[in-house]
Amino acid sequence: MSEEPGQLWAGRFSKPPALEAEVLGRSLEVDERFVFQDVQAGIAHVAALRDAGLVTAEEQERLCAALVEVRDAVLRETFVFDPHDEDIHSAVERGVTDLLGDLGAKLHAGRSRNDLVATDVRLYLLAVSGTITADLRALMRSLVARAREHAVDPMPGTTHARAAQPVTVGHHLCAHAWPLSRDLDRFADWKERSSVSPLGAGALATSTLGLDAAVTAERLGFDRPFENSIDAVSDRDVLQEYIAVSSICATHLSRLAADIARWTDPALGWAELDEAYSTGSSMMPQKRNPDTAELSRAKAARIAGDFVTLAAVLQGLPLGYQRDLQEDKAPVFDAVDTLPAVLQALTGAVSTLRIDTAAMREACDDPGLYATDVAEAMVRAGVPFRESHRRTGDLLKRLDGEGRSLRDLTAEEWAEEGVPDGAALLDPDRSIAARSGPGGPSPASVLAQCDALTAALGPQSP
Ligand code: ARG
């Protein structure tokens, strides 16, 4: 416990906080990461103080230089933190005051850590969202490249993880890219809603100092200032939505990861992970495990947990700043760190995946994959679908009982079933080509999807 109250707010107090209270209250380890944004907000605030005639041009210059000096020291890890520095905001202000004495004491006029923290975290998320969407685009690009490469290669499409109908490998890979393009849209929507500056809201009720929040918003690169000062310091929907969008994206990645783990299962043998994205076993020398895929699958649970954590912190909180809100940052930063790690690992795994097109084609020998083609051939000959479905089912049952399959039917038997060209139906290339409509598995559709996905990525996007 310190001898004298050293906190920025100590004036009203005659006793320092208990050590354990101080330990509980510290958030520096978590919020140090947005020192850059804290100083950015500080510089914009000092400009507002200058506009309002509360500091001179010379004082503004010295305050900004001190803010930058503190920021650079923190970034270079030469800044000496004080045990009383509760959070990054207190540390920066204390650092400026240590450098400038009385002048430093002018910095916090008309602002509160309540509007400051809300500003910093928005600036931080807006900055990192750009690199995360770049990672997302990179994964999409790699999926699209692999899809183009395999636009014509057939594989058994599955429902319930069991052979269903032939599709193309490219079609399946595009099916993983489309959800990611919607995630990109969601990040863009989030950005549009989040570009609002809380600075100037003060503790909850703005200030009497004539600071222009709209000009401050513009200086910070936000689209607009807050509409309501209580809302500006109370809500954390910007963080919640960021985690929600990340969580949806992570869910998509987990399903891609699950397919990679499945395809590379030696029991199936449809693909092989590059060694760089596989792991061995400490005991069993023969093992090559798909840890990259498995961890990518599990990280979705973690980000969903981040969403639940923040939702639980926020639910039922009365408006206004409550210290509970300090617990908003750990979950959002966990999501910020986790999502790009998964995106980057999966981009590597996808771009180096060895897809065994021969094994996939061989798996298309399964005659059951063409049962729907047979039923639809009957429909084209005028049989109502329910009837053709039943007749095909009966045929399969009978063949099963005889230890035969559709491949063993003679031309005569096909003709008896009303499908004279039946034998030709049992061919993956024909089956895929026949599904030529937009959005289907045919090679032409896959190439059109690849073009559309590339267009969605934008011409020169990072
Ligand atoms: N570290 C705090 C947070 O993250 C900053 C705001 C503190 N404000 C207060 N009134 N105690 O929320």
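Just above sits the structure.
Scope of this entry: the structure provided in the associated data block. Given the structure is predicted, the values throughout are model-derived calculations rather than measurements.

In this section: the packing of aromatic side chains. Taken as a whole and judged by the stated rule, the model has 6 aromatic pairs. Here Phe34 and Phe333 contribute two aromatic rings whose centre-to-centre distance is 6.1 Å and whose plane-to-plane angle is 75°, an arrangement assigned as edge-to-face. Of the two residues, Phe34 sits in the loop between α2 (28-31) and α3 (35-51) while Phe333 sits in helix α12 (residues 329-352), which places them 299 residues apart along the sequence. Exposure class is identical for Phe34 and Phe333. Each is buried. Ring plane angle 70° and centroid distance 5.0 Å describe the contact between Trp190 and Tyr242, whose orientation is recorded as edge-to-face. Of this pair, Trp190 sits in helix α7 (residues 169-194) while Tyr242 sits in helix α10 (residues 237-263), placing them 52 residues apart in sequence. Each member of the pair, Trp190 together with Tyr242, is buried. Taken together, the aromatic side chains of Phe34, Tyr124 and Phe333 make up a single cluster linked through ring pairs.

What sets the pattern is the α-helix's 3.6 residues per turn: residues three or four places apart point alike. Here helix α19 (residues 443-457) spans 21 Å end to end across 15 residues, near enough to the 21 Å set by a 1.5 Å rise per residue. Taken together, the buried positions of α19 are occupied by Ser445, Val446, Gln449, Cys450, Leu453 and Leu457. Buried residues of α19, seen end-on, are gathered within an arc of 140° and therefore sit on one face of the element. Residues of α19 that are exposed and point over 90 degrees away from its buried face: Ala444 and Ala455. On the buried face of α19, the contacting elements are α6 (113-149), β2 (162-168) and α7.

This part covers the site of the ligand. Close to the ligand lie Ser27, Asp87, His89, Arg113, Asn114, Val117, Tyr321, Arg323, Gln326 and Lys329, which account for all nearby residues. A distance of 2.8 Å is found between a nitrogen atom of the ligand and a side-chain nitrogen or oxygen belonging to Gln326. Coverage of the ligand by the protein chains reaches 86% of its 340 Å² of free accessible surface. It is α6 that contributes the most residues to the shell around the ligand, 3 residues altogether.

Scoring rules and cut-offs
- Residues numbered from 1 in each chain as written.
- Predicted model: local features only at pLDDT ≥ 70, side-chain atom pairs only at ≥ 80, totals over all residues.
- Heavy atoms only, no water.
- Phe/Tyr/Trp six-rings, centres within 6.5 Å; stacked < 30°, edge-to-face > 60°.
- Helix = DSSP H or I, 4+ residues; strand = E, 2+ residues; numbered from the N terminus.
- Buried < 20%, exposed > 50% of the residue type's maximum accessible area, 1.4 Å probe, protein only.
- Expected span 1.5 Å × (residues − 1).
- Arc of directions from axis to C-beta.
- Contact = heavy atoms within 4.5 Å.
- Near = heavy atom within 4 Å.
- Polar contact = N/O pair within 3.5 Å; in protein donor to acceptor, adjacent residues only side chain to side chain.
- Areas by Shrake-Rupley, 256 points an atom, 1.4 Å probe, with all protein chains shown as cover.

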